[in-house]
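The primary structure of each chain is shown beneath.
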Amino acid sequence: MIHFQLVLMLWHSWNPRQVNRPLRWLQIKNILSKVTFSLNQASVAKELAVGIGSTGQLTCAHVVDAIKECSLQKHNVAEYMAPYVNDPHNKDAVLNEIEFVSERNAVAKGFQG
């Protein structure tokens, strides 16, 4: 399991000038793009969701950006991140990105808590 603190340490090692700055969503997309093995992207996205979600700043727009970055694991990324968003009323933006009905239904359950 990849943990949020490890992801932050990796980000800071890639970008040493960013150490004292808060992580912005654009940087999170960059983190996901650096995860070269696509099956690991969902785990990294989950850890980022837990960390950012704990601040109350994770939105459905962030989830949409993440699943666009992780094209092979869209439903997994969305399913892992859904419980941490602060605006579940915007879940349709996420659900519209999921191709298969069964996967869309699984993601929708995550928004219900």
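The residue numbering used here restarts from 1 in each chain and proceeds along that chain's sequence as written. Totals for whole chains, interfaces and linings use every residue, but because this is a predicted model, local features are given only for residues with pLDDT of at least 70 and side-chain atom pairs only at 80 or more, for both listing and counting. The side-chain quantities take in all heavy atoms of the structure and omit both hydrogens and water.

Points about the overall build of the protein
Thinking step 1. Each helix corresponds to a stretch of at least 4 residues labelled H or I by DSSP, and each strand to a stretch of at least 2 residues labelled E; elements are numbered beginning at the N terminus. Looking only at helices and strands, the protein features 7 helices and 0 strands.
Thinking step 2. Of the regular secondary structure in the protein, the N- to C-terminal order runs α-α-α-α-α-α-α.
Thinking step 3. Three exposure classes are used, based on accessible area relative to the maximum for each residue type with a 1.4 Å probe and protein chains only: buried under 20%, partly exposed in between, and exposed over 50%. Considering the protein as a whole, with its 113 residues, one finds that 42% of them fall into the buried category.
Thinking step 4. Pairs of residues are marked as contacts when any of their non-hydrogen atoms sit within 4.5 Å. The contacts of the protein with a sequence gap of at least 6 include a subset with a gap of at least 24, amounting to 61%.

Regarding the packing of aromatic side chains
Thinking step 1. A pair of Phe, Tyr and Trp rings is counted when the ring centres sit within 6.5 Å of each other, with Trp represented by its six-membered ring. The angle between the planes then sorts it: under 30 degrees is stacked, over 60 is edge-to-face, the rest tilted. Counted by the stated rule, this structure contains 0 aromatic pairs.
Thinking step 2. A cation over an aromatic ring shows up here: K46 above the ring of Y80, its NZ or CZ 5.2 Å from the ring centre. Counting as a charge over the ring demands two things of the Lys NZ or Arg CZ atom: a distance within 6 Å of the ring centre and an angle within 35 degrees of the ring normal.

Brief notes about the side chain of D87
Thinking step 1. With respect to the element layout, D87 can be found in the loop between α5 (74–81) and α6 (91–95).
Thinking step 2. The buried charged residue D87 lacks any salt bridge, with K91 as its nearest oppositely charged partner at 12 Å.
Thinking step 3. Distance and chemistry together define a polar contact, namely a pair of N or O atoms within 3.5 Å, with one atom able to donate a hydrogen and the other to accept it when in protein, and with adjacent residues in sequence counting only for side-chain atoms on both sides. Within the local environment of D87, its side chain forms a polar contact with the backbone nitrogen of C60, the two atoms lying 2.8 Å apart.
Thinking step 4. If near-sequence neighbours (up to four positions away) are discounted, D87 is found in contact with L58, T59 and C60. Under this rule, positive means Lys or Arg and negative means Asp or Glu; His and the chain ends count for nothing. The salt bridge definition used is simple: a Lys or Arg side-chain nitrogen within 4 Å of an Asp or Glu carboxyl oxygen.

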